[in-house]
Amino acid sequence: MLMLLKQEMFKISKKKSTIYIPIILFVLMIVVAFMSKGSDAKFYISSAFAGFQWTTILIIIISATSISEEFQYGTIKHLIYSVNNRYIIYFSKLIFVFLYSIYLHLLSIVYTFLIKIFVLGGIPKFSEQYLYGLSLWKNLMFNSFTDLVGSLIIISSVFCIACVTNNGSSAIALGIVLCFLGEGISSALSKLYLQFNGIKWNPFNMLNITNQLGNPSYYSITHLSNTQLLFGNFFYTIIFILLGSILFSRRRI
Amino acid sequence: MKTILEVNNINKKVGKKSLLSNISFSINSSDIVGLIGPNGAGKTTIMKSILSLLKIDSGEISINGQNINYTSHHGLHEIGALIENPSLYPYLTGMDHVRMYTHKRKNVSKETMHIINELNMGKFINLKVKKYSLGMKQKMGILIALLNNPKLVILDEPMNGLDPKSNVELRNLILSLSKKGVSFLISSHILSELEIIVNRVVIINHGKIINKSYVNDLLSIGNTYLNLKTSNNSKSILLLNNKDFKTTTSEDGTFQIKLIDKHSIEQIFQLLYRNNIKIIDFYKSGSTLESSLLKAIYN
């Protein structure tokens, strides 16, 4: 597995996107920072100037292409006979994309500090109190952590989609639609949660975890506590990982 | 002689159609085995089964005595392969592929450089693969198959897209590696090239093996002829026909005699000598791998 992880890192180091992604992320966050001037600065700082949302889109793209390019270029053949079984390939890619997600989240935090200092100046201070009795920078760290956890369900579900689609573009498109439309679907279903209790545990509702942590009033939509949302995220992540690994191992070469 | 690959009674069906039926053969070290058959015969299916790219319904495959199957195939570490089209990342250079698959980030090994030189890849190995021609990609695929000193190399139509000079380079490389103990399983439609390098053949048609033999034995399936020009062709033909030799005349002043067995040439020369007929010119012609293959498949 270590050999495959090194190969993934080698491949991504050779892609042009490795240089463009940090630049694009920075530019997008700066744009949001300028737009946020005069409004709720603490909210935007704690949510990394929408950096986590942009990171989600980038992770969907990385996840989809990680799987689909191997089938598209035929390189899956070499991968299969160079390891003991196919699951090793699947899990090494999963681990790699999660590590890349950690990298993008850390980048978002670093950029937030820089952008806050140079665009918003000294106010508000990072040490000021914000949600849950925590300081602003602790809220930022907390949101980053929960978004990282939330990214697991996205990575695993996009991996599933990529295992059944014929090209990366379809997987990317479907992943983005399900991720961002999913929150809307969950909102639309929220009226049914009181009548049919079990429906609130649907996977789309789990995507609201970051929103709810940044804005506790989201409870009226999700009808789940933060702990329940966290548990639900882990549960569905495991389900999608297992499903994806089976689909990957059985996919015809 | 060590057995590298053992294929025992493998079967594969898709729906009602049988893709492979009771396929059994083995490859020893230094063997160069030609896997031959018409389109759709099952050659690539066999290769994919060996590499665990395809799940077989029954049978056993072992590499160096170690059983391999679809879900667990530790023994495949000693195999290199080129199956169907070369599998390359377009955004990497050829050398990037070498570094990635040999886990050497800086200097590649002497053996790898030797293969790169033998295949004349020095001019384009540092270019990105998306700029490669078909022949360059094919060479890259072969190079990848030969990385990390494999004991068995499986090549599916390796000569596709290669010019005649490159074919010679590849042939010489395969022969030199075979002398060092590397075994090859090669499928190709260019039988004239295959005939030069393989020592054994496995002929397959409709998913079944119809012949497994050494090349020399296969060539004996076809007909061999003696072409003669004598001082009296018509008398020679009459004499030979009386001795049950079949003859046909050619426009170039020679006539052709179909040889019956290994004593035929001696009998023909003695017959002509006893009848005072002088032999002006003679040569042997007949079986090629192609003619023997067609006879084996369609008979």
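Residues numbered from 1 in each chain as written. Chains lettered and ligands numbered in written order. Predicted model: local features only at pLDDT ≥ 70, side-chain atom pairs only at ≥ 80, totals over all residues. Heavy atoms only, no water.

Engineer: Looking at this structure, how should I read the overall build of chain B?
Structural biologist: Secondary structure summary: chain B contains ten helices and 14 strands in total. Residue burial in chain B is summarised as follows: out of 299 residues, 51% are buried. When contacts within chain B are restricted to residue pairs at least 6 apart in sequence, those whose partners lie at least 24 apart make up 69%. Put simply, chain B shows about 14800 Å² of open surface, and 48% of that area lies on carbon and sulfur atoms. Taken together, the 37 basic and 23 acidic charged side chains of chain B have centroids lying 5 Å from each other. (Helix = DSSP H or I, 4+ residues; strand = E, 2+ residues; numbered from the N terminus. Buried < 20%, exposed > 50% of the residue type's maximum accessible area, 1.4 Å probe, protein only. Contact = heavy atoms within 4.5 Å. Areas by Shrake-Rupley, 256 points an atom, 1.4 Å probe, with all protein chains shown as cover. Lys, Arg positive; Asp, Glu negative; His and termini not counted. Charge placed at Lys NZ, Arg CZ, Asp CG, Glu CD.)

Engineer: Teacher, can you tell me more about the overall build of chain A here?
Structural biologist: The helix and strand inventory of chain A stands at twelve helices and zero strands. The linear arrangement of helices and strands in chain A, starting from the amino end, is α-α-α-α-α-α-α-α-α-α-α-α. Relative to the compact-globule value of 18 Å for 253 residues, chain A shows a C-alpha radius of gyration of 19 Å, a close match. By residue count, 52% of the 253 residues in chain A fall in the buried class. Residue pairs at least 24 apart in sequence account for 75% of intrachain contacts in chain A once pairs closer than 6 positions are excluded. Surface summary for chain A: the accessible area is close to 11400 Å², and the carbon and sulfur share equals 72%. Chain A carries 18 positive and 7 negative side-chain charges, and their two centres are separated by 6 Å. (Rg over C-alpha atoms; globule rule 2.2 N^0.38 Å.)

Engineer: Got a minute to help me understand the pattern of salt bridges in this structure?
Structural biologist: Oppositely charged side chains may form a pair once their charged atoms are brought near each other. Per the counting criterion, the structure on display carries 13 salt bridges over all chains. For A:Lys42, the salt bridge goes to A:Glu128, with nearest N and O atoms at 3.2 Å. Highlighted residues: A:Lys42 in helix H3 (residues 41–46) and A:Glu128 in the loop between helix H6 (86–120) and helix H7 (136–164), separated in sequence by 86 residues. Notably, a salt bridge pairs B:Asp31 with B:Arg200, separated by 2.6 Å at the nearest N-O pair. One end of the pair, B:Asp31, is in the loop between strand S2 (17–28) and strand S3 (32–36); the other, B:Arg200, is in strand S9 (residues 200–205), and 169 residues separate them in sequence. Judged by its relative accessible area of 4%, B:Asp31 falls in the buried class. When its relative accessible area of 13% is taken as the criterion, B:Arg200 is described as buried. (Salt bridge = Lys/Arg side-chain N within 4 Å of Asp/Glu carboxyl O.)

Engineer: Is there a simple way to think about the sheet that holds strand S11 (residues 224–230) of chain B in this case?
Structural biologist: All names here are of chain B. Strand order in the open sheet formed by four strands is S12-S13-S11-S14, and the pairing between neighbours is antiparallel. Each of the sheet's edge strands pairs with one partner strand only, and the pair in question is strand S12 (247–249) and strand S14 (279–286). Put simply, the sheet's adjacent strands are angled 25° from each other on average, direction ignored. The sheet contacts of helix H8 (residues 233–242) involve S11, S12 and strand S13 (255–258), and relative to S13 the element is tilted by about 15°. Against the sheet, helix H9 (residues 264–274) contacts S11, S13 and S14, and its axis sits at roughly 20° relative to S11. (Pairing = 2+ DSSP bridges. Axes fitted to C-alpha atoms, helices over the stretch in contact; angles between N-to-C directions.)

Engineer: What's the story with the sheet that holds strand S7 (residues 152–156) of chain B in this structure? I'm lost.
Structural biologist: Neighbouring strands of a sheet are bound in pairs by backbone hydrogen bonds; such pairs are parallel or else antiparallel. All names here are of chain B. Read across the sheet, six strands follow the order S6-S7-S8-S3-S9-S10 without closing on themselves; strand pairing throughout is mixed. The strands lining the two open edges of the sheet, one partner per strand, are strand S6 (79–82) and strand S10 (208–214). On average, each strand axis in the sheet is inclined to that of its neighbour by 15°, with strand direction left out of account. Judged from the four bridges that link them, S3 and strand S8 (residues 183–187) form a sheet pairing that is parallel. Among the inter-strand pairings, Ile-32 is bridged to a residue of S8, identified as Phe-184. Set on the sheet, helix H5 (residues 164–179) makes contact with S3, S7 and S8; between it and S8 the angle comes to about 145°.

Engineer: Explain the UniProt feature "transmembrane region" (unreviewed entry) in chain A to me, please; I cannot follow it from the model alone.
Structural biologist: All names here are of chain A. In the numbering used here, UniProt assigns the feature "transmembrane region" (unreviewed entry) to residues 20–37, 43–67, 87–120, 140–164, 171–194 and 229–248. When the span residues 20–37 is considered, its composition is 89% helix and 0% strand, and the gap between its end C-alpha atoms is 26 Å. Taken end to end, residues 229–248 has its terminal C-alpha atoms 28 Å apart, with 100% of it in helix and 0% in strand. (UniProt positions renumbered as here; feature names shortened; annotations may be inferred.)

Engineer: Looking at this model, I keep getting lost on a nonpolar patch on the surface. Mind explaining?
Structural biologist: A cluster of nonpolar side chains, A:Ile19, A:Tyr20, A:Ile23, A:Ile24, A:Val27, A:Val31 and A:Met35, forms an exposed patch at the surface whose accessible area comes to about 710 Å². Structurally, A:Met35 is set in helix H2 (residues 17–35). (Patch = residues over 30% accessible without salt bridge, like charges linked within 9 Å, V, L, I, M, F, W, Y side chains within 5 Å.)

Engineer: How should the packing of aromatic side chains be read in this particular structure?
Structural biologist: Each aromatic ring pair is characterised by the separation of its centres together with the angle its planes make. Residues and elements named next belong to chain A. This structure, assessed with the given rule, holds 16 aromatic pairs over all chains. Measuring from ring centre to ring centre gives 5.3 Å for Phe-235 and Tyr-236, while their planes differ by 80°; the resulting arrangement is edge-to-face. Through a chain of ring-to-ring contacts, the aromatic side chains of Phe-71, Tyr-90, Phe-91, Phe-159 and Phe-248 assemble into a single cluster. The residue whose ring lies beneath Lys-116 is Phe-126, and the NZ or CZ to ring-centre distance is 5.2 Å. (Phe/Tyr/Trp six-rings, centres within 6.5 Å; stacked < 30°, edge-to-face > 60°. Lys NZ or Arg CZ within 6 Å of the ring centre and 35° of its normal.)

Engineer: Quick question: what am I supposed to make of the packing of H6(A) against H7(A) here?
Structural biologist: Relative placement of two packed helices is described by the angle separating their axes and the distance separating the axes. Residue and element names in this part refer to chain A. Remark: H6 packs on H7, axes separated minimally by 10 Å, with the N-to-C direction vectors making an angle of 150°. The orientation of H6 relative to H7 falls into the category roughly antiparallel. For the pair H6 and H7, the sense of crossing is right-handed. Contacts from Tyr-90, Lys-93, Leu-94, Val-97, Phe-98, Ser-101, Ile-102, His-105, Ile-109, Thr-112 and Phe-113 in H6 reach Trp-137, Leu-140, Met-141, Ser-144, Asp-147, Leu-148, Ser-151, Leu-152, Ile-155, Ser-156, Phe-159 and Cys-163 in H7. Split into classes, the residues belonging to the contact of H6 with H7 amount to 15 nonpolar, six polar and two charged. (Parallel < 35°, antiparallel > 145°, perpendicular 65-115°, else oblique. Left-handed = near helix turned anticlockwise from the far one by under 90°. Nonpolar A, V, L, I, M, F, W, Y, C, P; charged D, E, K, R; others polar.)

Engineer: How should the interface of chain B and chain A be read in this particular structure?
Structural biologist: Often, the extent of an interface is quoted as the loss of accessible area on bringing the components together. On the side of chain A, 26 residues touch chain B, which itself brings 31 residues to the contact. Buried area between chain B and chain A, both sides added, is near 2500 Å², and the carbon and sulfur share of it is 57%. Three residues stand out in chain B for area buried against chain A, namely B:Leu53, B:Tyr89 and B:Tyr91, and they jointly supply 24% of the buried area on that side. A:Lys77 is the salt-bridge partner of B:Glu84, the closest N and O atoms lying 3.9 Å from each other. The interface formed by chain B and chain A includes 18 residue pairs in polar contact (both at pLDDT 80 or more). Where the side of chain B that touches chain A is concerned, the elements lending two or more residues are S6 and helix H2 (94–102) of chain B. For the side of chain B that touches chain A, the leading source of residues is H2(B), giving four residues. Partitioning the side of chain B that touches chain A into residue classes produces 16 nonpolar, ten polar and five charged. (Buried area = accessible area lost by both parts, 1.4 Å probe. Polar contact = N/O pair within 3.5 Å; in protein donor to acceptor, adjacent residues only side chain to side chain.)

Engineer: Would you take a moment to explain the nonpolar core for this structure?
Structural biologist: Generally speaking, a soluble globular protein has its nonpolar side chains buried in company with each other. B:Phe25, B:Ile50, B:Ile154 and B:Phe184 are the most contacted members of the largest nonpolar core, which has 140 residues in total. If you tally residues by element for this core, the top one is H6(A), at 13 residues. Residues within four places of B:Phe184 in sequence aside, it is in contact with B:Ile27, B:Asp31, B:Ile32, B:Val33, B:Leu146, B:Leu152, B:Val153, B:Leu155, B:Ile174, B:Leu177 and B:Ser178. (Core = buried A, V, L, I, M, F, W, Y, C linked by side-chain atoms within 4.5 Å.)

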